[in-house]
Structure formats: C-alpha cells, structure tokens
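Report on the structure
Here are the chains, one letter per residue:
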Amino acid sequence: MKWLEQYPKEVKGFLVASLVASAGGSLMWPLTTMYVFDELGRSMQDAGFVILIQSLGGIAGQLVGGGLYHRVGVKRLIVGSLLLNALGLFTLPFINGLWGLFVAMMGFIGFCNAVSMPAIQAFIGFRFADRRGELFNVIYVANNIGVALGTAMSGFLAEISYHLSFVLNGVTSLGFAIFFLSYLTKLDGGAVQQEDRHPKLRAPLAAGPGTWALLGHTRIYLYMGLGSLFLWFGNSIWNTGVSPFIISEGMSKTAYGYLWTLNGILIFAAQPVTKLIKRWFARTESSQMAVSALFYLSAYLVIVAMHSYPGMVLAMVLATLGEMLISPAIPAFISERAGRAAPFYIGVAGGMGAAGRVLGPYAMGTMYDGGGLTPVAWLAAATAVLSFASFVVHARISRSVILGDDGRLQVDGQRGVSKETLPL
C-alpha cells in the first residue's frame, strides 16, 4: 500500500489494525436482519427491533465513552470496551434460542463497540495533533476499505454459518484490544509523555469540568450535532427508500449492492476530488460540513428528478462525496477546538448523529408505505436543508472559539494568540 509509506511506523500499525477491526465489524451488521429472520425464525418487525436496540446501545455508548475518557483513563477505556465487545460477540452462538437474552446482548454489543469510538478518535487527536485532520481522513479511508472487505466476505461466511461471522467479528475485536494494549503500553513507558501530545495512559486524569458545565458550551457542539442528526436521518433513504424501490421495480437485488460497492470504491478513489474541494472552497472543517450537506441535498434532488437506476448511481456519487467531507471534519474540529474535553464532545456529537440513524428508518419507512419513493426523497432533501442551515449557524457561532483547559470558552482569533475569556 503505497499510500502508507508517507507515515511513521506507529501510524502504519494503527491504520492496519483499524482496517482489520473494521473488516471484522462489518462481517456482522449486514447479516443481523437475515440472522433474526432466517436462523431464529422471527418476523421482520422483530429484526427491526433488534437493530433499534443495538442502535440505542450505540448512542448510549458514544455518550458514556466520551464522558469517561479522562475519568477512567485511555488504556482502560479503549481496551476494556473492546474486550467486552469481543466477549459479547463470542456469547451469541450459545444463546441461539433465548430471544430476550439475544436482544439484550445485541444492545450490550452496540454499547461496548460505541464506547471505544470517541475514545479512539480523541486519542488520535491528542497523539497526532500536528497531523490530526489528515489522519482522521486516512483512518476513515482505511476503515471503509475494511468495511468493503468485510461486507464482501459476509455473504460467503453466512452460507457456511452465521455464528462463524459472529466469532470472527469477536476475534477481530479481541485482536484490536490486544493491539491497543501493546500500543498504549509502549507509549506509556516511552520517552514522550507530554500532556500536549497525549493524555497519560497509565492512570485516569482529573475529571475537569462537570457534564452539565460542558453541555452549557453549546456553541462548541450543539448546531454541529443537530446538523449531523439531520444528515444521517436523511441518509436513511438508501435503506428505506432506494432499497424497496429497486425491488418493487423488478431490478436485481445485486443492483442495490452495487451502489454500496460504488460507495466503497469512491471513498478510496475520489480522494483527489475531495482534496480539490477542500483547497478551493472548503478550507475549514466547518465549511466542509456545510458543503457536505449541499452534496447530500443534490443527491436527494437527483433521486426526486430521476426515478431510475442511473439516477441512483449519480445520487450515490454525490452522497459519497458528502460523506467523505463530513466524516473526518467533525472529530478534527472538536479535537482542535475542545482541548482536553474533546472526547466528551466527540461522544455527544456522535450520539446525536446516531439518533438520526435511529429515527430516520421508521419515519421514511412509514412514508414509503404511504406514497413510495417520491415523498421519502423530498423528506431527505428537507432534512439536508436543515442540516446545511445547522452547519452554517455552527460555523458562525463557533468561529474563533476554543475551550480552555479551565473549562471556559475563549476567543482565539489567530489560533493561540490573543485569548479573551467569554461568559457562558
């Protein structure tokens, strides 16, 4: 992989481990509905309920993971959550006939997996502060390569055994935990222990400002989180609008899979395009969020105008460009502006975005049953407009604002020069 050569050895190891872990994680999520319907013999309503419980666990995990970053310590939080996630996955084959326990375990797995997400993103922001924007993007690409590989293998593994997919997912989660244990132990014992590079890894840090005090700094996170919520709400159109439309039009089910194959290819191959977009008219993270919403809006308008498969392809290209802009931008912005409170705000923003993923499928599924793809596409377009408006407000009120280590908002007109304390 030539694109890895420009990074130091510790970054390469992290990227490879992240790719493998995302591949393992993606073995499971495409198969959950089929497993509940096919293996367990439950209804599609039951399958949807399992996805809902897993998603709610993910929202709680994002919030808890961000809040516990400094209180528990980096090593304990990341390694512990990954080990618990692996344990949950390993138990699934043994609770096949216990429906209530299976649902509870899926919520537990969603929770444990999500706990590690803000912690890992915040660690990257602290550890590689000089290149974090670039690395968030590279890790995003690596994760999506893993997702592409995992989803490609999931169908073959399901033909052999659903349980094999669960076990292999657990193995990759366990392997990621072992990697982080070794990786963080080396950093903990190494010469580089400055607080400005990364938090101390062996013991928890002082808690700092309380949760309610941090939540009071709304200009840091609120409108960005709302924009993310609206964005991922609208993105539910692919599963609860495009997917049933393709089936109802008599197209092959593989046509829907090809759309996501295109998504995975573009995330890797279209990096030069997003670099040009950032260079020409989206230089800051806040502007990248707003431009991302415009790409999503254009994608949904294409679906409204073109009820055909070529229209779906074009819409997927536009939506993927939007995804490529926003996914690295949010953690990069928070890491740069929120200081040591970054893990908390990454968890809050991630939880708000996940709430959109929970609410979107139900609302759009109901609208599709009542009127088909057109009202669903218009709803998605409306949420993209709301997302754009939220990101614009976020860009205006968060301009030149950072959060100091004392928990007070500060004006920083030139990134570190001439700071002035702001009232809440």
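All figures in this text were calculated on a predicted structure; none of them were measured in a lab.

**Comments concerning the overall build of the chain**
Along its length, the chain carries 16 helices and three strands. Buried positions account for 52% of the 424 residues belonging to the chain. Counting contacts in the chain only where the partners sit at least 6 residues apart, residues at least 24 apart contribute 78% of the total.

**Let's talk about the side chain of Ser81**
Relative to the assigned elements, Ser81 resides in helix 4 (residues 74-91). For Ser81, a relative accessible area of 6% corresponds to the buried category. Discounting chain neighbours no more than four positions away, the residues touching Ser81 are Arg76, Cys112, Val115 and Ser116.

**Considering the nonpolar core**
Within the largest apolar cluster, 99 residues are counted, with the highest numbers of intra-cluster contacts made by Phe180, Ile237, Trp238, Val242, Ile303, Ile334 and Tyr345. The element that contributes the greatest number of residues to this core is helix 14 (residues 309-337), accounting for 14 residues. For Val242, the residues in contact, after removing those within four places along its chain, are Ile237, Tyr256, Leu259, Ile303, Met312 and Leu373. If you look at the next biggest cluster of nonpolar residues, it comprises 16 residues, including Tyr35, Val50, Val103 and Tyr162.

**With respect to helix 13 (residues 285-305)**
It helps to recall that an α-helix has 3.6 residues per turn; residues three or four apart then point in one direction. For helix 13, spanning 21 residues, the distance from its first C-alpha to its last is 31 Å, which sits close to the expected 30 Å at 1.5 Å a residue. Burial within helix 13 is extensive, with 16 of its 21 residues counted as buried.

**Points about the packing of helix 10 (residues 237-248) against helix 15 (residues 342-371)**
It is the contact of helix 10 with helix 15, at a shortest axis distance of 8 Å, that shows an interaxial angle of 35 degrees. For the pair formed by helix 10 and helix 15, the contact residues are Ile237, Thr240, Gly241, Pro244, Phe245 and Ser248 on the first element and Gly360, Pro361, Met364, Gly365 and Tyr368 on the second. Each residue belonging to the contact of helix 10 with helix 15 can be placed in one class, and the counts come to six nonpolar, five polar and no charged.

**Observations regarding empty space enclosed by the protein**
Under the defined criterion, the tally for this structure stands at two cavities of 30 Å³ or more. Considered as a void within the structure, the second largest cavity measures approximately 30 Å³ in volume. Lining of the second largest cavity is provided by Asn235, Trp238, Trp260, Asn263, Tyr296, Met316, Ala319, Thr320 and Glu323. Listed by contribution, the elements that provide at least two residues to the lining of the second largest cavity are helix 11 (253-269) and helix 14. A per-element tally of the lining of the second largest cavity places helix 14 first, with four residues. Among the residues making up the lining of the second largest cavity, the classes are represented as five nonpolar, three polar and one charged.

**Observations concerning a nonpolar patch on the surface**
A cluster of nonpolar residues, Phe49, Leu52 and Leu56, forms a patch on the protein surface that exposes about 250 Å² of accessible area. The topology assignment puts Phe49 in helix 3 (residues 44-72). On the basis of relative accessibility, which here comes to 40%, the residue Phe49 falls in the partly exposed class.

**Comments concerning the packing of helix 10 against helix 14**
Following both chains from N to C, one finds helix 10 and helix 14 inclined at 155 degrees, their axes separated by 11 Å at the closest point. What the angle tells us is that helix 10 and helix 14 run roughly antiparallel. The way helix 10 lies across helix 14 gives a crossing that is left-handed. Two secondary-structure elements touch here, helix 10 through Trp238, Val242, Phe245 and Ile246 and helix 14 through Tyr309, Met312, Ala315, Met316 and Ala319. Residue composition of the contact of helix 10 with helix 14, by class: nine nonpolar, no polar and no charged.

**Details of the packing of aromatic side chains**
One pass over the structure, following the stated rule, counts eleven aromatic pairs. Aromatic pair Phe179 and Phe180: ring centres 5.6 Å apart, planes at 75 degrees, arrangement edge-to-face. For Phe180, a relative accessible area of 0% gives the class buried. Chaining the aromatic ring pairs together yields one cluster made of Phe123, Phe176, Phe179, Phe180 and Tyr183.

**Quick word on helix 9 (residues 218-234)**
Over its 17 residues, helix 9 runs 23 Å from end to end, which matches the ideal 24 Å to within 8%, given 1.5 Å per residue. For helix 9, the set of buried residues is Ile220, Tyr221, Met224, Gly225, Gly227, Ser228, Leu229, Leu231, Trp232, Phe233 and Gly234.

**Remarks on the confidence of the model for the chain**
With 83% of its residues at a pLDDT of 70 or more, the chain has an overall mean of 80. Mean pLDDT across the secondary structure elements of the chain bottoms out at strand 3 (residues 419-421), with 33, and peaks at helix 13, with 95. Here residues 413-424 is a poorly scored stretch, pLDDT under 50, and it has 23 contacts once near neighbours within four places are set aside; other chains count.

**Section: the environment of Tyr300**
Structurally, the position occupied by Tyr300 is in helix 13. Assessed through its relative accessible area of 1%, Tyr300 is described here as buried. Between the alpha carbons of Tyr300 and Ala384 there is a distance of 8.5 Å; along the sequence they are 84 residues apart. Not counting the four nearest positions on each side in its chain, Tyr300 is found in contact with Leu231, Gly234, Asn235, Ile237, Ala377, Ala380, Ala381 and Ala384.

**Quick look at the side chain of Thr274**
Note that Thr274 resides in helix 12 (residues 271-281). A distance of 2.9 Å separates a polar atom in the side chain of Thr274 from the backbone oxygen of Gln271.

Analysis parameters
Residues numbered from 1 in each chain as written. Predicted model: local features only at pLDDT ≥ 70, side-chain atom pairs only at ≥ 80, totals over all residues. Heavy atoms only, no water. Helix = DSSP H or I, 4+ residues; strand = E, 2+ residues; numbered from the N terminus. Buried < 20%, exposed > 50% of the residue type's maximum accessible area, 1.4 Å probe, protein only. Contact = heavy atoms within 4.5 Å. Core = buried A, V, L, I, M, F, W, Y, C linked by side-chain atoms within 4.5 Å. Expected span 1.5 Å × (residues − 1). Axes fitted to C-alpha atoms, helices over the stretch in contact; angles between N-to-C directions. Nonpolar A, V, L, I, M, F, W, Y, C, P; charged D, E, K, R; others polar. 1 Å grid on protein atoms, 1.4 Å probe; cavity = no way out; pocket = protein on both sides within 12 Å on 5 of 7 lines; lining within 4 Å. Points joined across faces, edges and corners; volume = space filled by probe spheres on them. Patch = residues over 30% accessible without salt bridge, like charges linked within 9 Å, V, L, I, M, F, W, Y side chains within 5 Å. Areas by Shrake-Rupley, 256 points an atom, 1.4 Å probe, with all protein chains shown as cover. Salt bridge = Lys/Arg side-chain N within 4 Å of Asp/Glu carboxyl O. Parallel < 35°, antiparallel > 145°, perpendicular 65-115°, else oblique. Left-handed = near helix turned anticlockwise from the far one by under 90°. Phe/Tyr/Trp six-rings, centres within 6.5 Å; stacked < 30°, edge-to-face > 60°. pLDDT = per-residue confidence, 0-100. Polar contact = N/O pair within 3.5 Å; in protein donor to acceptor, adjacent residues only side chain to side chain.

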